[in-house]
Amino acid sequence: MADLKALVSRLMTLEDRIIACMRCGNCQAVCPMFGATHMEADVARGKLALVDDLAHELIRDPQAVADKLGRCLLCGSCQAGCPSGVKIMDVFMEAREIVYSYLGLGPVKKAIFRVMLAKPWLFNISMRVGSPASHLLFRKNKTAQNTVSSPLLRPLIGDRHLRSLPVRPLHAIVGALNEPRVSGGLKVVFFPGCMGDKYYVNMALACLKVLKHHQVAVFMSPDFACCGIPAVSSGDGQGMVDELRKNLDILSKVDFDYIVTPCGSCTSTIKELWPKYAARIDDAAMHISKALSKKTMDITQFLVDVLGVHGVEPRDNAISITYHDSCHLRKGLGVSSQPRELLKANSGYRFVEMKEADRCCGCGGSFTLYHYDLSRAIGQRKRDNVVASKAQVVAAACPACMMQLEDVLSHNKDDVTVKHPVEVYAETL
Amino acid sequence: MANSALIKEFEEMLGKENVFSSEADRRTYAYDAAVLNPVVPAFVIRPTTTEQLGKCVVKLYNEGIPMTVRGAGTNLSGGTIPDTSDTVVILTCALNRILEINTNDLYAVVEPGVVTADLAAAVAAKGLFYPPDPGSMSVSSIGGNIAENAGGLRGLKYGVTKDYVMGVEFFDSTGGWVRSGSRTVKCVTGYNLAGMLIQSEGTLGVISQAVMKLVPPPSASRACLAEFDDMQKAAEAVAGIIAEHILPCTLEFLDNNTIVKVDDFTHIGLPRNAAAILLIEVDGHPAQVADDAAAVERVLKACGATAVHVAKDAAEKTQLWEARRQALPVLARVKPTTVLEDATVPRSQIPAMMQAITDISKKYRVDVGTFGHAGDGNLHPTFLCDKRDKEEYARVEAAIDEMFDVAIKLHGTLSGEHGIGTAKAKWMEKETSRGTILFSRRLRKALDPKGLLNPTKLVGILGGE
Ligand SMILES: Cc1cc2nc3c(=O)[nH]c(=O)nc-3n(C[C@H](O)[C@H](O)[C@H](O)COP(=O)(O)OP(=O)(O)OC[C@H]3O[C@@H](n4cnc5c(N)ncnc54)[C@H](O)[C@@H]3O)c2cc1C
Ligand code: SF4
Ligand code: SF4
């Protein structure tokens, strides 16, 4: 326990930001965790108080504080509505890293974040091996979402209803891309994200189709590492830095106008976290990251704001579609009108707004791995709102949200399918 | 732990998931929104039915354990900070059912943990209106609103929480079940105990249910914003509007310091040289609203407003309100610690009070932004400081002392809506009288013989005769 002092002094670096919390309790209104448990330790005010208590040695149980910090979707809803402007997400992520570096990262997390996600070839091979064998492991659920579940893997994935794994990941289908600009046109880096590359492959293919249609040249590398958000949210700053190094290495050598991603979490990580963590590599990396950050956009925003895709009148027999705001997109980056506009660009759909469209779906990235029961409880409220909107399709511009929506709709045997806005738009081309 | 047997009993009664005894959990019920030191409770219980709530109170009474009821923990006076480390905190957040909304007889029956905004929304969905709108309404509980007699922006025309309480059911300190008031507009059966529970801050009983009055909603509204180069003129305008027999539903003001800070932060182009801006909204029938709005504009100009902006549509109205909406968020960002006060004076004394606040802030070298409800003289002088700076914080406390002195001299009050708790208990006697304190204490002792309900709050039950 000799380094308890070190833990405390590192936590004290957060004090200036924590004390900005005036304990007004406003965050209770928007926190999905609090909505599910009604426990003060689950809302931002409570967690900030606990980190502050640990920093001041009023509580001497870092594990207990770490457990409470882990009960959080890092959805940013609290920060978006905080009247004091407390930088809650920074505090939470830094506190996780500080506390975990004291407690030590568990071996499973270490394996995932340091080895798998940082070494794309290993991740790729394991997914490819996994897929053809998947019919042995997974059982079809006969639901509208075409999900599967796995009694055999229950200890690992719980009772999740997942979409069947694709046979081949995106980069194995399309390989490396480095297209020349079409006569002075635009060139983008397409960063599919782990889920776009390995799970929602058709969604990523739809993105490439749309970019091709608009004559946008694409760069994509099979060697992209994870954007780093799973590592950061698990308190593994070093894991993030390792991944970032790999990505910067690739990106610093390419000429392009924008980086686009179909994943709200990747977009916000590249824009907001890369510059911060790049500072731990060196000045050059930080400057590169800052420049990249300015060029990074969510793909829906790119299509609408840069390429000018816009809505049209729905056909008479259009089917109804609603939209779920991913937290990272709306609360983090303020992107909310563009994905809706994209849905309206397909006359085959009639857009309807659901209640609480911007309330967190409960996935929270790796949160769902450790707290599946809470994640499901939070997801149920989202599901109820989706179903109440009477939409036949729900769109979300973030693969993690898509997965959560499919899981919760499938469990309820609802006849509602899940799509990415770009998939909806791609259907028109 | 000394409590472990008792904790077990509560776990059996309420289920393990409704008893919080870990150190980490307990520490999160040690504070509320007041700038005061935390006190960590022995443990925390969360009854999920009225019956359980009653049993909990009986059990704690039998054991002689002090109890603090907690709604959302947003009060600004320390009302939910445990009195001692033996205290058990009773949460009402699982008692959050709206039991009935009666659109014929215009009332709603609610459990104490119902969130104010949820009630307002449910009522609005049925075409009715629940007017009390404290700034914390998106999270505050009706139980907490009643126990603090919460006000809000609509106080001048629509009144405050107490004007909407038709009946209350509560458990007294022994766990006895008490009912007062009814679902009728008139009810004189026995003492007005429901009235006694209003603003009792958890010291007289644990509210388990309430019947709240509803009203028909206004069908139209109109907002305008007026700029003044002199606080006195703004106050005359407020008096002038009321002298015209117009009761705006909101009549808010921002002082110069607040205007400048809001403009620095939002760049919405506020009049940075104005001494004050008034935000006025009238509501009612469309024809009445049109007449009232015209009259308000006339009065504002006659009283020397340097500019008057009238919102033409909903979008413009939202825009006009932006300055007021941003007042607290902006002030809260200036310094780490935000002490939000609510000294209230008769309307006509606003200029004198504002002058005093300006003088006091200079004398003690503290940064104060003031905004508030000009229509009811309810000011929110907001002290911006860093409580870690002991010397500065001592000056803030001295400034607040002096400010209360002035408020009382101007026939005002310590607290228009935030309550006494422990934060303002020491000034109580100055505003009232020694007799008031003793009477209140005797009342408490008679009703709470073991001194268990929030014992140190308001007038401490243990204080001498
Ligand atoms: C940003 C901000 C803005 C605010 N704006 C306003 C405003 O405009 N107007 C205003 O009046 N106040 C305002 N407040 C103060 C506060 O929100 C109100 O006092 C509110 O009524 C408290 O409700 P609560 O549920 O949080 O109660 P708590 O803080 O949980 O409790 C308050 C008191 O009531 C007691 N209590 C709670 N429930 C019960 C019950 N069931 N039975 C008996 N006693 C009970 C508690 O013991 C305590 O003494 C504001 C606070 C903040 C932080
Ligand atoms: S909303 Fe912000 S200031 Fe208020 S309690 Fe939550 S974190 Fe603190
Ligand atoms: S990030 Fe989301 S889940 Fe976490 S405390 Fe904030 S609102 Fe709650």
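All values derive from a computational prediction rather than experimental measurement.

### Brief notes about the interface of chain A and chain B
- Taken together, the contacts link 30 residues of chain A with 28 residues of chain B.
- Each partner contributes to the roughly 2300 Å² buried at the junction of chain A and chain B, and carbon and sulfur atoms together form 54% of this total.
- Scanning the region where chain A abuts chain B turns up five salt bridges.
- Across the salt bridge formed by A:Asp53 and B:Arg27, the nearest N and O atoms sit 2.6 Å from each other.
- Summed over the shared surface of chain A and chain B, the result is 15 residue pairs in polar contact (both at pLDDT 80 or more).
- It is helix 4 (residues 44-55) of chain A that contributes the most residues to the side of chain A that touches chain B, five residues altogether.
- A per-class count over the side of chain A that touches chain B returns 14 nonpolar, eight polar and eight charged.

### A few points about the domain arrangement of chain B
- What the domain assignment reports for chain B is domain 1 (4-91), domain 2 (98-213), domain 3 (220-409) and domain 4 (434-465).
- Here the C-alpha centre of domain 4 of chain B lies 37 Å away from the C-alpha centre of domain 3 of chain B.

### Brief notes about the pattern of salt bridges
- By the definition in use, this model includes 54 salt bridges over all chains.
- One salt bridge connects A:Asp257 with A:Arg181, and the closest N-O pair in it is separated by 2.5 Å. Taken together, the residues span a long stretch of sequence, with A:Asp257 in the loop between helix 16 (237-251) and strand 7 (258-261) and A:Arg181 in the loop between strand 4 (177-178) and strand 5 (187-190) at a distance of 76 residues.
- Of the charged contacts, one joins B:Arg179 and B:Glu169 as a salt bridge, the two residues approaching to 3.2 Å between their closest N and O atoms.

### A word on the site of ligand 1
- Neighbouring residues of ligand 1: 35 residues in total, closest B:Val69, B:Gly71, B:Thr74, B:Ser136 and B:Ser141.
- The residues that come close to ligand 1 belong to more than one chain, namely chains A and B.
- Within the side chain of B:Ser136, one N or O atom sits 2.5 Å away from an oxygen atom of ligand 1.
- With respect to ligand 1, the backbone of B:Glu201 contributes an N or O atom lying 3.1 Å from an oxygen atom.
- Here ligand 1 has 980 Å² of accessible area as a free molecule, and 97% of this is covered by the chains.
- For the shell around ligand 1, the secondary-structure elements that each account for two or more residues are strand 3 (67-70), helix 5 (142-148) and strand 9 (206-213) of chain B.
- For the shell around ligand 1, the element with the highest residue contribution is helix 5 of chain B, accounting for five residues.
- Classifying every residue of the shell around ligand 1 by side-chain character gives twelve nonpolar, 19 polar and four charged.

### Regarding the site of ligand 2
Residues and elements named next belong to chain A.
- Among the 13 residues in the neighbourhood of ligand 2, the closest are listed as Cys21, Cys24, Gly25, Cys27 and Cys82.
- Structurally, ligand 2 is housed in the second largest cavity.
- A breakdown of the residues in the shell around ligand 2 according to their chemical character gives eight nonpolar, three polar and two charged.

### Notes on the sheet that holds strand 1 (residues 19-20) of chain B
Residues and elements named next belong to chain B.
- Spatially, the four strands line up as an open sheet ordered 1-2-4-3, and their pairing is mixed. With partners counted over all chains shown, the strands left at the sheet margins are strand 1 and strand 3, one partner each.
- Note: strand 2 (residues 43-45) against strand 4 (residues 88-91), three bridges, orientation parallel. Paired with Phe43 across the bridge in strand 4 is Val88.
- Along the sheet face, helix 3 (residues 50-63) touches strand 2, strand 3 and strand 4 and points at about 170 degrees away from the line of strand 4.

### Quick word on the sheet that holds strand 10 (residues 220-228) of chain B
All names here are of chain B.
- Spatially, 13-10-12-11-15-16-14 is the arrangement adopted by the seven strands of the open sheet, whose pairing is antiparallel. Strand pairing shows two members of the sheet lacking a second neighbour, strand 13 (307-310) and strand 14 (337-340), which therefore form its edges. This sheet shows a mean twist of 15 degrees between the axes of neighbouring strands, independent of strand direction.
- As defined by bridge partners, strand 10 adjoins strand 13 across four bridges and the pair is classed as antiparallel. Along strand 13, the bridge assignment pairs Leu225 with His309.
- Contacting strand 11 (250-255), strand 15 (367-373) and strand 16 (378-385), helix 12 (residues 350-363) runs over the sheet at an angle of about 10 degrees to strand 16.
- Contacts between helix 13 (residues 390-409) and the sheet are confined to strand 14 and strand 16, with strand 16 contributing the most and set at about 165 degrees to the helix.

Calculation notes
- Residues numbered from 1 in each chain as written.
- Chains lettered and ligands numbered in written order.
- Predicted model: local features only at pLDDT ≥ 70, side-chain atom pairs only at ≥ 80, totals over all residues.
- Heavy atoms only, no water.
- Contact = heavy atoms within 4.5 Å.
- Buried area = accessible area lost by both parts, 1.4 Å probe.
- Salt bridge = Lys/Arg side-chain N within 4 Å of Asp/Glu carboxyl O.
- Polar contact = N/O pair within 3.5 Å; in protein donor to acceptor, adjacent residues only side chain to side chain.
- Helix = DSSP H or I, 4+ residues; strand = E, 2+ residues; numbered from the N terminus.
- Nonpolar A, V, L, I, M, F, W, Y, C, P; charged D, E, K, R; others polar.
- Domains from an automatic or database assignment.
- Near = heavy atom within 4 Å.
- Areas by Shrake-Rupley, 256 points an atom, 1.4 Å probe, with all protein chains shown as cover.
- 1 Å grid on protein atoms, 1.4 Å probe; cavity = no way out; pocket = protein on both sides within 12 Å on 5 of 7 lines; lining within 4 Å.
- Sits in = over half its atoms within 2 Å of the grid points.
- Pairing = 2+ DSSP bridges.
- Axes fitted to C-alpha atoms, helices over the stretch in contact; angles between N-to-C directions.

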